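Spelled out, the chains give:
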Amino acid sequence: MILALPGFLYYLLTAKGKNRYKPLPFYGPKVVAKTGHKFHGTYIPDTIYHKLDDFKLTDQNGNTVSFKSYDKKIFVASFFYTHCPSVCGTVNKNLSALADVYRKNKMVNFLSFTVDPDRDTAPVLKAYAKSLDANSKWLFATGDTTVIYNLARKGFLVDALNAGNDNFIFSDKLILIDAEKRIRGYYSGTSMTDLTRLNDEIKVLIAEELRKVDKALY
């Protein structure tokens, strides 16, 4: 019910215009801007947080996927490859359950990048998505290796590397991205404790976005 009705979630997490939750951190390098604002008479410089650069890849349906696909939306990112012998199966099974929880929520999406795009073509990813019973909110992306690896290392700030001999080094982390393409959390995809925290913090981001709309009304 809460996930289907974001407004009710907003009511639960806020009261009389005040936060009832702890804001999530911002990950990555930060730069102090030349601009600022006053708070209770004290001047506070603005902070420019790390943001992901745009990209253009192909999803399991053969469609182009980029940040335009996630305009003003929250998404959870991850890395994998279809013939991964162990950890990917656990991570994606857990991710499938979480994606199913948010299947009717228009604000939340899921995006998994293959680290072996040469083998994981769109048709291969489509079959893999079907094996996971992935819903339409969860896309699987493939494309140029350079684009994917640079996006992992410089954008999401995680490892992604072809070590040769069919071995790939990559992170098992699920990465929570806000509507402005900033990193707000890292979670082990094999830890149920982390998955519970991710679920809770997705709700925090939903409330954060709803507060922006609320402020714009006044």
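Bear in mind the structure is a predicted one, so any value in this text is a computation, not a measurement.

Draft legend 1. Highlighting the environment of Tyr 186. Within the secondary structure layout, Tyr 186 lies in strand S13 (residues 183-188). The sequence separation of Tyr 186 and Arg 197 amounts to eleven residues, and the corresponding C-alpha distance is 9.9 Å. If near-sequence neighbours (up to four positions away) are discounted, Tyr 186 is found in contact with Tyr 27, Phe 156, Leu 157, Val 158, Lys 173, Leu 174, Ile 175 and Arg 197. Reaching out from Tyr 186, the side chain makes a polar contact with the backbone oxygen of Phe 156 at a distance of 2.7 Å.

Draft legend 2. Representation of the sheet that holds strand S6 (residues 64-65). As summarised here, the arrangement of the seven strands in space is S6-S5-S9-S8-S7-S12-S13, forming an open sheet in which the pairing is mixed. Across the chains shown, the open sheet's two edge strands, defined by having one partner strand only, are S6 and S13. Across three bridges, strand S7 (residues 74-80) lies against strand S12 (residues 173-177) in antiparallel orientation. Across the sheet, Val 76 pairs through a bridge with Leu 176, a residue of S12. Strands in contact with helix H4 (residues 145-156) are strand S5 (57-59), S7, strand S8 (108-114), strand S9 (138-142), S12 and S13; relative to S7, the strand with the most contacts, it is inclined by about 120 degrees.

The rules behind each value
Residues numbered from 1 in each chain as written. Predicted model: local features only at pLDDT ≥ 70, side-chain atom pairs only at ≥ 80, totals over all residues. Heavy atoms only, no water. Helix = DSSP H or I, 4+ residues; strand = E, 2+ residues; numbered from the N terminus. Contact = heavy atoms within 4.5 Å. Polar contact = N/O pair within 3.5 Å; in protein donor to acceptor, adjacent residues only side chain to side chain. Pairing = 2+ DSSP bridges. Axes fitted to C-alpha atoms, helices over the stretch in contact; angles between N-to-C directions.

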